[in-house]
Amino acid sequence: MIFGIGTDIVETRRFKKWIENPSILNRFFASEEQFASKTVESRHENALCQHYAVRFAAKEAFSKALGTGIWGFDLKDVFVTKNSEGKPSIELRNGALELFQKRCGEANIFVSLSHEKEYATAFVLIEKL
């Protein structure tokens, strides 16, 4: 049974200021989502903006699917990982995990991510078992 769905779209250039300020990245992104500083210097700025934008969209989409909005948990406790084939998934910890378990019980989270030069979007579906 579908518990909830959520979608979000963000403008990628908004994240230019974020990639220049590690304190902002630390506030919103788990360490698993961040690049080491030496890696950041070697990557194209637009690619970094897309990386963070699509992950931020996933956090927002998750909060909408959960039905709470961004309330009751820190955004960095919701993070995107990828398996060996590149398939993204949402991982939860701390307050986000507790709230998810309280509201959904046993459930699966599905996520789809996409980005283009100027925009990034994410779609999240929560399936209650």
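Note: the structure precedes this text.
This one's a predicted model, so the numbers in the text were calculated from it and none came from an experiment.

Chemist: Can you walk me through the overall build of the chain in this structure?
Modeler: A count of helical and extended segments in the chain gives five helices and five strands. Its helices and strands in sequence order give the chain the pattern β-α-α-α-α-β-β-α-β-β, from N to C terminus. The C-alpha radius of gyration computed for the chain amounts to 14 Å, which stays within 12% of the reference 14 Å derived for 129 residues, consistent with globular compactness. Taken along the three principal axes of its C-alpha coordinates, the chain extends 45 × 30 × 25 Å. Counting contacts in the chain only where the partners sit at least 6 residues apart, residues at least 24 apart contribute 60% of the total. Of the roughly 7500 Å² of accessible surface on the chain, a fraction of 50% belongs to carbon and sulfur atoms. The average position of the 18 basic charges and that of the 17 acidic charges among the side chains of the chain differ by 2 Å.

Chemist: Which parts of the structure should I look at to understand the packing of aromatic side chains?
Modeler: Two numbers describe a pair of aromatic rings. These are the distance of the centres and the angle of the planes. Scanning the entire structure with this criterion turns up nine aromatic pairs. Residues Trp-18 and Phe-28 carry aromatic rings whose centres are separated by 5.0 Å and whose planes lie at 20° to one another, so their mutual orientation is stacked. Remark: Phe-28 occurs in helix α2 (residues 22-28) and Trp-18 occurs in helix α1 (residues 16-19); sequence separation between them is ten residues. We note that Trp-18, like Phe-28, is buried. Relative to Phe-56, the ring of Trp-18 lies with its centre 5.3 Å away and its plane at 85°, an arrangement referred to as edge-to-face.

Rules used throughout
Residues numbered from 1 in each chain as written. Predicted model: local features only at pLDDT ≥ 70, side-chain atom pairs only at ≥ 80, totals over all residues. Heavy atoms only, no water. Helix = DSSP H or I, 4+ residues; strand = E, 2+ residues; numbered from the N terminus. Rg over C-alpha atoms; globule rule 2.2 N^0.38 Å. Contact = heavy atoms within 4.5 Å. Areas by Shrake-Rupley, 256 points an atom, 1.4 Å probe, with all protein chains shown as cover. Lys, Arg positive; Asp, Glu negative; His and termini not counted. Charge placed at Lys NZ, Arg CZ, Asp CG, Glu CD. Phe/Tyr/Trp six-rings, centres within 6.5 Å; stacked < 30°, edge-to-face > 60°. Buried < 20%, exposed > 50% of the residue type's maximum accessible area, 1.4 Å probe, protein only.

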